[in-house]
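Spelled out from the first residue to the last, the chains are:
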Amino acid sequence: MTEVVYQAIAQATHGYVEAPAGCGKTDAIVRAVGSYCDDKQLILTHTNAGVDVLRQRFRLHNIPSSKYHIDTISGWAWGWVRKYPINSEYDGSTDIPVWGNIYGAMSKLLEKGFVQQVVLNSYAGVIVDEYQDCTLAMHSLIVHIKNFLPCRVLGDPLQGIFGFNNQDSLIEWPAVESEFGNSLGVLTEPYRWIKAGNEPLGRWLLETRPTFLQGQEPDFRGSPIESITVPYSALGSKLMGVALFSRWRSATMFYFHVGALVLA
Amino acid sequence: MRVRHITIKNFRGIKSLSWHVKGDFNCIIGPGDACKTTILTALDYTLSPRSSLVFDDSDFYKQDVDQDILIQVTLTDWDESQPEVKKFFSESKFGTCKCGLDDTGPISEPAPDGRIAISVVLRVDKSLEPKWFAVKGRDEGQGGTAMYASDRAILGANRLDMSSDANFTWGRNTILTRLSWNNQGNLNAVISELARTARQTDVSSYESITACQKIAEDVRLDAQKIGVKLSNLLPKIDIQKQSMNTGAVSLHEDDVPLRSKGSGSKKLVSCAMQMKLHGGKNISLMDEIEVGLEPNRIRGLIFKLKSSGQQVLATTHSPVVIRELNVSDNELYFCKKNADGSISLESLGAIPDIQGHVRMNAEAFLGSKIVACEGPTEIGCLRAYDRFRFDEKNPPVWSLATSYFNCGGGGKVKVITPKIASLGYKTAALCDNDVPDHLTSTDVTNLAAKDISVFQWEAGNSTENQLCDDLPWEHIPALLATICECKAPLEMATVVDLIIKDSGLSNQTFPENISEWPESLALRKAIGDCINKYNYIKRIDLAEKVLAFSLPLIPDAAAMKVTLNELWNWIQND
């Protein structure tokens, strides 16, 4: 089943993969590139930590470095924009990045034929990880690439971190679905929980996703989750207890609810 | 790719140079020591895929090693569908080094609708170690993306002239090796295996060499297309090479190494190989393109080069080459070294309506000084005077890079000379003075303002009139006899009749023997008019002969000699 998704990622000209946390998203990228892509893929993510994780996984699987280039969206965009401040209409220093301007500037650059040609020379496709963390500006940049290069994105609509202002607001998942058109599959094996010896929790989370997606509170009865209710005034001391508790128990899920702490 | 701009600083005889290369076929002409060859060498060093280049102090302008050598070559027009070009312009190589090019030279970024370029710099400081970079825009002496020999191989530049014997061997980065790239396998391994076997056996039929055989046959077919017929071409061990390395296998025609062929054939064959390697997208550098080739082969080569789609940068000393080129396509550049060491290159195409003159006076454009003459009579006159003045103290005119230029009529002198002068040639004019409109005193003043010196005979005189005015009277009969000799079967009696009839003096009686004629200005004029009217000396060789006879007999103070002496001094000193 997952093998089909890997293949779909490798072969699609565009599409999205819904990948819940812990379901082997990194593996999916590594396997799709390593087993089913012939030419070099540009793999973009958000943080240097993310780049490291991907890089280590590619090395672990002995994928030749000629098949991939991993970068952060910001790092990749900045590398171009600082070389072409005029063409990108970037307003700022080329020594210190002004992040607010860079994604728009890179989108401008990606409209230039001479830049498109270099991207085409370098990569057969682009894969974007953690797409739910893309701001609207980043999304627009990726859409610019999608205009001339196969473009596949992976993300978990439930994991988006809040944006801080309108300019920086995150892309909504329905917009991702309509932009990238076809669904390349959903990753459904809760590898992280299986590996940690708590498969039932992983399964329960996957089963409960529809409820989360609808923005409703799930029914904890019969779930592998133990719940206790604490008064709001005692929240601080309970949280300290949880932090100490989690030191010896990995693969632990906390569910925070106003006035309540659920501990699994 | 195409070279579109070159900047040179502090390299050999060149203090500075900035050249917009406009055409596909670019030929540099100019006097000796104008650094024409240095320009090609600079291009060769910067673009060709040589991994080792040895510099020494004499490569620096005036040996001043504190001023870095800097050569920047900007190229455009590549084919980004070629796999190796794609690789070259990828993000991890030189994809983000693409820059722009405008009328001022390379600029850091492409302008909207502007040209997209790549700029390569060769820099040498006093450590004498050459370094190559891709830079964006004007090089300010720092930074850039390092560019290695294997990267530069993609640029497609190659020098094809006398020193190109290496092209016929399978050596490091030679054309043959690069042609063999795809089926090369491990060339070094093949060679060392050959070397081992060679010690024991005759290797001519050894299997490993068959990989090279296919290329050899391709080269033979391509050489045939360009007009060199070769019999069997074989890769063979060159026994002249002492050590067995990658250069040890070279192309042989039957049993003769190709490097022993005539220089013309070698040039044509390496040219054919080069075109094959880059599919016509290459850049050929050819110093003295005509060397070793007969005029018909020169024409063949130029035709072939022009129709191949490649770019050629060449120098020439051959009028045959000049006549084959189109100035309007910017195919000819005049190279001039200024006193401050800067080099200027001017396309002859910048001058309107000059093509005809270039073809007619091709030789004149190969010097640095031009004496524009009204017609062949004046040119013959100057040639005779040069012989007359030639002695050990004065260098002859030809050694001063001075050429005579036939303007093809008195009225054209004032039109043509400013054009020649604007190209950078030191220009003078020699005109007769029988038609006032041809060159008025205002014209002379205007030309002088453009640094053009004008030398003229006395008012009202054609060259023939001036000659007859200045030659002592007793030598006039011998002058006419010389003319008759030159114009045989012209007879003296005919000439005498014509002089008398045309002069309106037929009512007077003259002694039968011309040497008994009384001297008079009217008669001198009548004789001069006659020689002029019947075109007796309007050919370079005739004028030269007649003046060679006359000049030793004309007094130094006579107008003709005074004028010629002034012009002589201009040539010698100016």
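Along each chain, residues carry numbers from 1 onward, in the same order as the chain's sequence is written. Here every chain gets a letter starting at A, and every ligand a number starting at 1, in the order they are written. Local features in a predicted model are, by the rule used here, given only for residues with pLDDT of at least 70; side-chain atom pairs are given and counted only at 80 or more, and totals for whole chains, interfaces and linings are based on all residues. In computing side-chain properties, one takes all heavy atoms of the structure into account and sets aside hydrogens as well as water.

Caption draft 1: Region of interest: the overall build of chain A. Broken down by element type, chain A carries 11 helices and 9 strands. Exposure categories follow from relative accessible area, calculated using a 1.4 Å probe and restricted to protein chains: below 20% of the type maximum is buried, above 50% is exposed, and the middle band is partly exposed. Counting over 264 residues, chain A shows a buried share of 45%. Only heavy atoms matter for contacts: two residues are in contact if any of them lie within 4.5 Å across the pair. Sequence-distant contacts, at least 24 apart, represent 74% of the contacts inside chain A between residues at least 6 apart. A run of H or I in DSSP counts as a helix once it spans at least four residues, and a run of E counts as a strand once it spans at least two, with each numbered from the N terminus.

Caption draft 2: Representation of the overall build of chain B in the model. The helix and strand tally for chain B stands at 19 helices and 21 strands. When contacts within chain B are restricted to residue pairs at least 6 apart in sequence, those whose partners lie at least 24 apart make up 70%. Summed over its atoms, the accessible surface of chain B is roughly 24600 Å², and 49% of this surface lies on carbon and sulfur atoms. Reported accessibility uses the Shrake-Rupley method at a 1.4 Å probe radius. Residues are deemed covered only where the shown protein chains occlude them.

Caption draft 3: Focus on helix H14 (residues 463–470) of chain B. Residues and elements named next belong to chain B. Most of H14 sits out of view: 7 of its 8 residues are buried. Listed in full, the buried residues belonging to H14 are Thr 463, Glu 464, Asn 465, Gln 466, Leu 467, Cys 468 and Asp 470. Its buried side turned inward, H14 meets helix H11 (376–389), helix H15 (476–486), helix H17 (521–533), helix H18 (540–550) and helix H19 (559–573).

Caption draft 4: Broad picture of the packing of H14 of chain B against H17 of chain B. Residues and elements named next belong to chain B. Fitted lines through C-alpha atoms give the axes, limited to the stretch in contact for helices. The angle between two N-to-C directions lies from 0 to 180 degrees. Running from N to C, H14 and H17 cross one another at 145°; their axes reach a closest spacing of 8 Å. For H14 against H17, the interelement crossing comes out right-handed. Contacts between H14 and H17 involve Glu 464, Asn 465, Cys 468, Asp 469 and Asp 470 on the former and, on the latter, Arg 524, Lys 525, Ile 527, Gly 528, Asp 529, Ile 531 and Asn 532. Three categories are distinguished: nonpolar for Ala, Val, Leu, Ile, Met, Phe, Trp, Tyr, Cys and Pro, charged for Asp, Glu, Lys and Arg, and polar for the others, with Gly belonging to the last. The class makeup of the residues in the contact of H14 with H17 is 3 nonpolar, 3 polar and 6 charged. Each helix crossing is assigned a hand: it is left-handed if the near helix lies turned anticlockwise from the far helix by less than a right angle, otherwise right-handed if that turn is clockwise.

Caption draft 5: How the structure looks around the packing of aromatic side chains. Note on aromatic contacts: the rings of Phe and Tyr and the six-membered ring of Trp form a pair at centre separations within 6.5 Å, being stacked when their planes are under 30 degrees apart, edge-to-face when over 60 apart, and tilted otherwise. Within the structure shown, the criterion is met by 20 aromatic pairs over all chains. Note on Phe 510 of chain B and Trp 517 of chain B: the rings are 5.1 Å apart at their centroids and 45° apart in plane angle, and the pair reads as tilted. Taken together, the ring pairs connect Trp 78, Phe 88, Phe 89 and Phe 94 of chain B into an aromatic cluster. The rule is short: NZ of Lys or CZ of Arg within 6 Å of the ring centre and within 35 degrees of the ring normal puts a charge over the ring. Here the basic side chain of Lys 136 of chain B rests over the ring of Tyr 84 of chain A, its NZ or CZ set 3.6 Å away from the ring centre. Sitting over the ring of Trp 570 of chain B, Lys 369 of chain B keeps its end group 5.4 Å from the ring centre.

Caption draft 6: Looking closely at the environment of Met 560 of chain B. Residue and element names in this part refer to chain B. Looking at where Met 560 falls in the secondary structure, it is placed in helix H19. Along the backbone, Met 560 and Ala 42 are 518 residues apart, and their C-alpha atoms lie at a distance of 48 Å. When residues no more than four places from it in sequence are discounted, the contact partners of Met 560 are Cys 381, Trp 457, Thr 463, Gln 466, Leu 467, Asp 470, Leu 547 and Ile 554.

Caption draft 7: The arrangement of the packing of helix H4 (residues 73–81) of chain A against helix H5 (residues 99–109) of chain A in detail. Residue and element names in this part refer to chain A. Interhelical geometry of H4 versus H5 gives an angle of 65° and a closest axis separation of 9 Å. As summarised for this structure, H4 and H5 are arranged roughly perpendicular, according to the angle between their axes. Every pair of crossing elements has a handedness; the one defined by H4 and H5 is left-handed. Contacts from Ile 73, Ser 74, Trp 76, Ala 77, Trp 78, Trp 80 and Val 81 of H4 reach H5 at Trp 99, Ile 102, Tyr 103, Ala 105, Met 106 and Leu 109. Here the angle decides the label: under 35 degrees means roughly parallel, over 145 means roughly antiparallel, 65 to 115 means roughly perpendicular, and every other value means oblique.

Caption draft 8: Layout of the pattern of salt bridges. Salt bridges are defined as contacts in which a side-chain nitrogen from Lys or Arg sits within 4 Å of a carboxyl oxygen from Asp or Glu. Tallied over the entire structure, the rule returns 36 salt bridges over all chains. Its salt-bridge partner being Glu 189 of chain A, residue Arg 203 of chain A comes within 3.4 Å of it at the nearest N-O pair. Separated by 14 residues along the polypeptide, Arg 203 of chain A in helix H10 (residues 199–213) and Glu 189 of chain A in the loop between strand E6 (183–186) and helix H9 (191–195) bring together distant segments of the chain. The class of Glu 189 of chain A is partly exposed, set by a relative accessible area of 27%. For Asp 44 of chain B, the salt bridge goes to Arg 159 of chain B, with nearest N and O atoms at 4.0 Å. One end of the pair, Asp 44 of chain B, is in helix H1 (residues 36–47); the other, Arg 159 of chain B, is in strand E10 (residues 157–159), and 115 residues separate them in sequence. Each member of the pair, Asp 44 of chain B as well as Arg 159 of chain B, carries the same accessibility label: buried.

Caption draft 9: Up close: the interface of chain B and chain A. In this complex, chain B contributes 15 residues to the contact, which on the side of chain A involves 15 residues. Between chain B and chain A, roughly 1300 Å² of surface is buried when both sides are summed, and carbon and sulfur atoms account for 46% of that area. Among the residues chain B hides against chain A, the three largest losses belong to Glu 91, Thr 96 and Glu 109 of chain B. Together they make up 45% of the total. Inspection of the region where chain B meets chain A yields 0 salt bridges. By the criterion applied in these results, polar contacts are pairs of N or O atoms within 3.5 Å in which, for protein atoms, one can donate a hydrogen and the other can accept it, and in which residues neighboring in sequence qualify only through two side-chain atoms. Our count for the contact surface shared by chain B and chain A stands at 14 residue pairs in polar contact (both at pLDDT 80 or more). By buried area we mean the combined loss of accessible area, with a 1.4 Å probe, across both parts when two parts are placed together.

Caption draft 10: Structural view of the pairing of strand E15 (residues 311–315) of chain B. All names here are of chain B. Of all 5 residues in E15, 5 are buried; the element is thus mostly enclosed. Every second residue of E15 is oriented toward a common face, with Gln 311, Leu 313 and Thr 315 on one face and Val 312 and Ala 314 on the other, all of them buried. Sheet topology places strand E3 (residues 25–29) next to E15; 4 bridges connect them, and they run parallel. Its bridge partner being in E15, Asn 26 is matched across the sheet by Leu 313. Here, any two strands with at least 2 DSSP bridges between them count as paired. Where strand E14 (residues 283–286) and E15 come together, 4 bridges link them in parallel fashion. Its bridge partner lying in E15, Ser 284 is registered against Val 312.

Caption draft 11: Spotlight on the environment of Gly 50 of chain A. By secondary structure assignment, the location of Gly 50 of chain A is in helix H3 (residues 48–60). C-alpha separation for the pair Gly 50 of chain A and Gly 236 of chain A, spaced 186 residues apart in sequence, amounts to 31 Å.

Caption draft 12: Up close: the sheet that holds strand E2 (residues 41–45) of chain A. Residues and elements named next belong to chain A. In spatial order, the strands read E3-E2-E4-E5-E1-E6; together these 6 strands make up an open sheet with parallel pairing. The strands lining the two open edges of the sheet, one partner per strand, are strand E3 (68–72) and E6. Put simply, the sheet's adjacent strands are angled 15° from each other on average, direction ignored. As paired elements, strand E1 (residues 14–18) and strand E5 (residues 151–155) share 5 bridges and run parallel to each other. Pairing of His 14 across the sheet is with Cys 151, part of E5. Docked against the sheet, helix H2 (residues 25–36) engages E2, E3, strand E4 (125–128) and E5, running at close to 155° with respect to E5. Its contacts with the sheet put H3 on E2 and E3, and the angle it makes with E3 is roughly 165°.

Caption draft 13: Molecular detail of the sheet that holds strand E20 (residues 426–431) of chain B. All names here are of chain B. Spatial ordering of the open sheet is given by E19-E18-E20-E21, a layout of 4 strands whose pairing is parallel. Edge positions in the open sheet fall to strand E19 (402–406) and strand E21 (453–456), since each of these has one partner strand only. When the angles between neighbouring strand axes are averaged without regard to direction, this sheet yields 20°. Where E20 and E21 come together, 4 bridges link them in parallel fashion. Bridge pairing links Ala 429 to Val 454 in E21.

Caption draft 14: Summary view of helix H8 (residues 173–180) of chain A. All names here are of chain A. Of the positions making up H8, those classed as buried are Trp 173, Val 176 and Phe 180. Axial view of H8: buried residues confined to an arc of 50°, hence all on one face. Facing away from the buried side of H8 by more than 90 degrees, the exposed set consists of Pro 174 and Ser 178. Along its buried surface, H8 packs onto E1, helix H7 (136–146) and E5. At the C-terminal side of H8, Gly 181 shows a positive phi close to 70°. Arc definition: it is the arc formed by the directions from the helix axis to the C-beta atoms.

Caption draft 15: Spatial organisation of the side chain of Gln 572 of chain B. All names here are of chain B. When you line up the elements, Gln 572 lands in helix H19. Residue class for Gln 572 comes out buried when judged on its relative accessible area of 17%. Setting aside chain neighbours within four positions, we find Gln 572 in contact with Asn 394, Pro 395 and Leu 400.

Caption draft 16: Structural view of the confidence of the model for chain B. Residues and elements named next belong to chain B. Considering every residue of chain B, the mean pLDDT works out to 87; 90% of them sit at 70 or more. Scored between 0 and 100, pLDDT is the confidence that the predictor attaches to each residue. Predicted confidence in chain B is weakest over helix H5 (residues 187–198), with a mean pLDDT of 61, and strongest over strand E2 (residues 14–20), with 97. Here the complex is predicted with pTM 0.82, and the ipTM for its interfaces comes to 0.84.

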